[in-house]
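Topology and contacts: notes
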Amino acid sequence: MPIQSFEGKIAFITGGASGIGLGISKVLVERGAQVVLADLRQDHIDHALAEFAGGGRSNAVSALQLDVTNREQYREAAKKMLDEFGGIDILVNNAGVGLEGPLLEATYADYDFGFGVNVGGVINGFTEFLPQMVAHGRGGHIVSTASLAAEVVMPPQMAIYAASKAAVCHFCESAKGELAQHDIGVSILLPGPVKSNIHETIDNRPAHLREGSGFTASEKKLARRIVGDNWMEPVDVGHLVADGILNNTTYLVTHGMYKDAMRARAQAVLDATPDRMEVVDSFGNYRDEE
Ligand code: NAI
């Protein structure tokens, strides 16, 4: 069954101890789910659990430290969820890093870091949790956090980030049709500016990818960025996500401010597309229609 209520549902939220992930966690807890915050940063976990401690449903929240790029660790986390909860109902692939810097200075360490967390983390989530979500037969839902950066042509220095988020978006769009037969819904979260700690990306970089990075100066600059007062509150994103899960909404978009840029990009692709129709033969090869 697709998710119809959060009562008694088990949700696993990566990057769940800060920013958008924490906002989603708070709303799912408030609406009756049992939530596990899976996060790289113990300081974020401690801070998040302290926030829940005063509330009425604090026993509905637990946490585990997880680096979503570490497949062994991820497998253990999925097994733990199976052993302790009989498997999860909702997966939120939300952990991400805010990579930016001049392309000419980018090294493989920067590509591996950006794609490793933002794309690899999502792939690892699908790979480790799908089998148990299909096997328990209760159906469920997978939300993955991309970005509106996937839907517009981004300004300079954002190529790696934009590409990583576009990969998440297209992966999930395609996965949705395939998972429907197992009653597993799929949503893609496309946020604009939301209050969070994403400017701390430099602290989330593992030592082996810090070495040789060409983005150190850019990440130090990002670390000084001030969160805007008018950026969206993470809890508001949480409500959008919760409603999206119940309705199995494909695209969960937080802001309308990039609509013109989104339209311009889509229109440019359409404008470049010939009107000629092609057909596919029975071997899957394209050929021009006579
Ligand atoms: P945040 O930094 O406040 O939260 C991200 C959490 O992910 C942190 O707690 C961090 O410790 C954790 N994390 C980082 N690397 C990890 C790893 N390898 N394994 C496990 N956990 C890891 O940032 P925010 O903004 O809440 O980010 C959440 C998602 O939203 C990201 O995917 C980000 O790209 C996306 N996003 C954020 C926007 C914003 O304006 N805040 C806009 C568009 C997308």
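That block above? That's the structure.
Our subject in this report is the structure included herewith. Please read these numbers as outputs of a predicted model, since none were measured by experiment. (Residues numbered from 1 in each chain as written. Predicted model: local features only at pLDDT ≥ 70, side-chain atom pairs only at ≥ 80, totals over all residues. Heavy atoms only, no water.)

**Notes on the packing of aromatic side chains**
- Tallied over the full model, the rule gives four aromatic pairs.
- Arranged with centres 4.8 Å apart and planes meeting at 55 degrees, the rings of F12 and F129 form a pair that is tilted. One end of the pair, F12, is in strand β1 (residues 10–14); the other, F129, is in helix α4 (residues 108–135), and 117 residues separate them in sequence. The same class applies to F12 as to F129, namely buried.
- Ring geometry for F126 versus F171: centroids 4.9 Å apart, planes at 80 degrees, classification edge-to-face. With F126 in helix α4 and F171 in helix α5 (residues 159–180), this pair connects stretches of sequence that are 45 residues apart. (Phe/Tyr/Trp six-rings, centres within 6.5 Å; stacked < 30°, edge-to-face > 60°. Helix = DSSP H or I, 4+ residues; strand = E, 2+ residues; numbered from the N terminus. Buried < 20%, exposed > 50% of the residue type's maximum accessible area, 1.4 Å probe, protein only.)

**A look at the side chain of D39**
- Relative to the helices and strands, D39 resides in strand β2 (residues 34–39).
- For D39, which is buried and forms no salt bridge, the nearest opposite charge comes from R41, at a distance of 6.2 Å.
- At 3.0 Å, the side chain of D39 forms a polar contact with the backbone nitrogen of R41.
- Setting aside chain neighbours within four positions, we find D39 in contact with G15, G16, A17, S18, H44, I45, L64, Q65 and L66. (Lys, Arg positive; Asp, Glu negative; His and termini not counted. Salt bridge = Lys/Arg side-chain N within 4 Å of Asp/Glu carboxyl O. Polar contact = N/O pair within 3.5 Å; in protein donor to acceptor, adjacent residues only side chain to side chain. Contact = heavy atoms within 4.5 Å.)

**A closer look at the sheet that holds strand β6 (residues 184–190)**
- Across the sheet, which stays open at both edges, the seven strands sit in the order β3-β2-β1-β4-β5-β6-β7 with parallel pairing between neighbours. Each edge of the open sheet carries a strand with a single partner, namely β3 (61–65) and β7 (251–253). Direction aside, neighbouring strands of the sheet carry axes that sit 20 degrees apart on average.
- Relative to β7, β6 is paired through three bridges, and the arrangement is parallel. Of the residues in β7, the one forming a bridge with L189 is L252.
- Sitting on the sheet, helix α2 (residues 42–53) is in contact with β2 and β3, with an inclination near 175 degrees to β3. (Pairing = 2+ DSSP bridges. Axes fitted to C-alpha atoms, helices over the stretch in contact; angles between N-to-C directions.)

**Describing the side chain of S144**
- Structurally, S144 can be placed in strand β5 (residues 140–145).
- In this structure the side chain of S144 is engaged in a polar contact, spanning 3.2 Å, whose partner is the side chain of N93.
- Beyond its immediate stretch of four places on either side in the chain, S144 contacts N93, V122, F126, V168, C172, S187, I188 and L189.

**Quick notes on the pattern of salt bridges**
- Evaluation of the coordinates by the stated rule reveals 12 salt bridges.
- K26 is the partner of E51 in a salt bridge, and the nearest nitrogen-oxygen pair spans 2.6 Å. Taken as a pair, E51 in helix α2 and K26 in helix α1 (residues 19–30) lie far apart in primary sequence, 25 residues in all.
- A residue is classified by how much of its surface remains accessible, and E51, at 40% relative accessible area, is partly exposed.
- A salt bridge links D260 to R263; the nearest nitrogen and oxygen atoms lie 3.4 Å apart. With D260 and R263 both in helix α9 (residues 259–271) and three residues apart, this pair spans about one turn of that helix.
- Linked through salt bridges whose partners overlap, the residues forming this network are R41, D43 and E200.

**Concerning the environment of D229**
- In this fold, D229 is placed in the loop between α7 (216–223) and α8 (234–247).
- The class for D229 is exposed, based on a relative accessible area of 74%.
- Remark: the alpha-carbon pair of D229 and K195, spanning 34 residues in sequence, is separated by 8.0 Å.

**So, the site of the ligand**
- Neighbouring the ligand are 28 residues, the closest being S18, D39, H44, Y161 and S196.
- In the environment of the ligand, a nitrogen atom lies 3.0 Å from a nitrogen or oxygen atom belonging to the side chain of D67.
- Within the backbone of N94, one N or O atom sits 2.9 Å away from an oxygen atom of the ligand.
- Burial of the ligand by the surrounding chains reaches 96%, relative to a free accessible area of 820 Å².
- Listing elements by their share of the shell around the ligand, those giving two or more residues are α1 and α5. (Near = heavy atom within 4 Å. Areas by Shrake-Rupley, 256 points an atom, 1.4 Å probe, with all protein chains shown as cover.)

**Observations regarding a nonpolar patch on the surface**
- A cluster of nonpolar side chains, namely L103, Y108 and Y111, defines an oily patch on the protein surface of about 360 Å² accessible area.
- Topologically, L103 is positioned in the loop between β4 (90–93) and α4. (Patch = residues over 30% accessible without salt bridge, like charges linked within 9 Å, V, L, I, M, F, W, Y side chains within 5 Å.)

**Some thoughts on helix α3 (residues 71–85)**
- Over its 15 residues, α3 runs 21 Å from end to end, which matches the ideal 21 Å to within 8%, given 1.5 Å per residue.
- Among all positions in α3, only Y74, A77, A78 and M81 are buried. Burial along α3 is one-sided: seen end-on, the buried residues are contained in an arc of 95 degrees. Away from its buried face, by an angle of more than 90 degrees, α3 presents the exposed residues E72, R75, E76, K79, D83 and E84.
- Taken together, the buried residues of α3 touch β1, β2, β3, β4 and α4.
- G86 lies just past α3 and shows a positive phi near 70 degrees. (Expected span 1.5 Å × (residues − 1). Arc of directions from axis to C-beta.)

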